[in-house]
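Overview (structure and organization)
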Amino acid sequence: MDTGGNSLPSGADGVKRKVSYFYDPEVGNYYYGQGHPMKPHRIRMTHALLAHYGLLQNMQVFKPCPARDRDLCRFHADDYVNFLRSITPETQQDQLRQLKRFNVGEDCPVFDGLYSFCQTYAGGSVGGAVKLNHGLCDIAINWAGGLHHAKKCEASGFCYVNDIVLAILELLKTHQRVLYVDIDIHHGDGVEEAFYTSDRVMTVSFHKFGDYFPGTGDIRDIGYSKGKYYSLNVPLDDGIDDESYHYLFKPIMGKVMEVFKPGAVVLQCGADSLSGDRLGCFNLSIKGHAECVKFMRSFNVPLLLLGGGGYTIRNVARCWCYETGVALGTEVEDQLPQHEYYEYFGPDYTLHVAPSNMENKNSRQLLEDIRNNLLDNLSKLQHAPSVQFQERPPDTDLPEADEDQDDADERWDPDSDMEVDEKRPIPTRVKREAVEPERKDLGAPKGAAEQARGFDSATNEIASAKSVDVGAMVIDEPTVKVELETSNKASNQMALLFDDQSRCLEAMKMQLL
């Protein structure tokens, strides 16, 4: 079933997309420790493939502005952020109680530059959301992001800061509804929990369920209060292949897009659902995984693509390189170009890897039951829920362009190129780096009040033990009243102005007399 998404000559969706890509050359230097499966080096490997395939030339490339303390505290607790900022490998033995309290230690170790790492990957995701909000791109990509397990007050599953929640909060400033889709093999528990009582964010997670981390994501977990039916969980068993996966993904996501009508989509592309992953047990091919990106792209809704899990790093780099091509509408050749990590991809040195012959434990009956159950839940939703008029957080200012940028390439935004991160020269036309200056929070741009309704107060109705206290998401800065209240104040002010003018004219007449 080809519904478009990759603009090949025969595709149904042949329109090119403007893509903003976020990458920090330092991200590959962070190291969780010996033997730890999470390796940020995979981001550098992905970037090298993009450079040598020539894909960077077709994108707006940004070095992200690091997220500030106040940015992180829009979701995370102040004391947790303070802890992440202050903890170091040298001081951790003096803070054992704090380590236990914030679940930092084993799966989420303390390593050199931990807080800078969090600022970097969170800054890329929030920066992508800002670009989408200002209409400067159709798709934003941050492969360093997608760390979906982090909670408000604790680290979890290799994740310290939940960049996804922060990006969604940014998108909610402009869009009434935001859809979150998760194709990582692990349940997207941190994001679901954050928005469990809200009808402004729908979360949909496709994941392995049953004696598997994090242990959440039952099909019966559907949201609570105003968020009831706005959480969808698709529990899967070992060995699921492309055909079985798409049997669920396409009809479910098609129905979600029809009923929920999101203004923006966030797609977490965790690559641990690929065949042969070090920690995974699914059997998806790279093309099968990318088909989900292709399908969501075909709806032509602002799209934020994020990374996530993925622990066979050569396959992670292959996957995210190919999916960047899908975002751009470019078919990438299977034969890998020569580059500094070429030896990682032997003995075939190809982009695609054949799935294994492992057993698919997802029977057709099981898949049909899941599909029918979730489609039935979706039928209980009101179409495109309305959002009440209310106060909204101020917009994040758009970083100023680098006026010193000088590039002869003709592109849709030539001031955003950056150098390739590498040790040896790479033959590419990408010359310079655009560093995002620090973002500023300003009032809403003209007309924004008509598009956005602010952060839903329903997220503060924490009526379930499952849901976190999302009060911290509300930004404690001067807010901008929207539409009705603004218009009422304006009309009152105009009436007072006319009244004052009448008095002045009357006084002038008396003086003349």
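For the structure, see preceding data.
Treat the numbers as computed from the prediction; the structure is a model and nothing was measured.

Below, the discussion takes up the overall build of the chain. Along the chain, the regular secondary structure elements total 13 helices and eleven strands. Taking all 513 residues of the chain together, 59% fall into the buried category. Residue pairs in contact within the chain that sit at least 24 positions apart in sequence constitute 79% of those at least 6 positions apart. Carbon and sulfur atoms form 49% of the exposed surface of the chain, whose accessible area is close to 21300 Å².

It is worth spelling out the pairing of strand β3 (residues 139-142) at this point. Taking every second residue as pointing to the same face, both faces of β3 are buried, with Ile 139 and Ile 141 on one and Ala 140 and Asn 142 on the other. Bridge count for strand β1 (residues 19-22) against β3 is three bridges, and the pairing is parallel. By the bridge assignment, Val 19 is partnered in β3 with Ile 139. With four bridges connecting them, β3 and strand β8 (residues 303-306) associate as parallel partners. When the bridges of β8 are listed, Ala 140 appears paired with Leu 304.

Now for the side chain of Gln 92. Residue placement: Gln 92 occurs in the loop between α3 (78-86) and α4 (96-101). Once residues within four sequence positions are removed from consideration, Gln 92 is found in contact with Ile 87, Leu 99 and Val 110.

As for its position among the elements, Lys 208 is in strand β5 (residues 201-208). Side chain to side chain, Lys 208 and Asp 237 meet in a polar contact 3.3 Å long. Within polar-contact distance, the side chain of Lys 208 engages the side chain of Asp 238 at 2.7 Å. Among all residues touching Lys 208, those that are not within four sequence positions of it are Ile 185, Leu 236, Asp 237, Asp 238, Cys 281 and Phe 282.

A separate point is the pattern of salt bridges. Applying the stated criterion across every chain yields a total of 14 salt bridges. The closest approach of N and O atoms between Arg 364 and Glu 243, which form a salt bridge, is 3.8 Å. Here Glu 243 lies in helix α8 (residues 242-260) and Arg 364 lies in helix α11 (residues 364-379), a separation of 121 residues in the sequence. The exposure class assigned to Arg 364 is partly exposed, which follows from its relative accessible area of 42%. You can call Glu 243 exposed: its relative accessible area is 58%. Ionic contacts of the salt-bridge type, sharing partners, join the residues Arg 68, Asp 71, Arg 74, Glu 170 and Lys 173 into one network.

Calculation criteria
- Residues numbered from 1 in each chain as written.
- Predicted model: local features only at pLDDT ≥ 70, side-chain atom pairs only at ≥ 80, totals over all residues.
- Heavy atoms only, no water.
- Helix = DSSP H or I, 4+ residues; strand = E, 2+ residues; numbered from the N terminus.
- Buried < 20%, exposed > 50% of the residue type's maximum accessible area, 1.4 Å probe, protein only.
- Contact = heavy atoms within 4.5 Å.
- Areas by Shrake-Rupley, 256 points an atom, 1.4 Å probe, with all protein chains shown as cover.
- Pairing = 2+ DSSP bridges.
- Polar contact = N/O pair within 3.5 Å; in protein donor to acceptor, adjacent residues only side chain to side chain.
- Salt bridge = Lys/Arg side-chain N within 4 Å of Asp/Glu carboxyl O.

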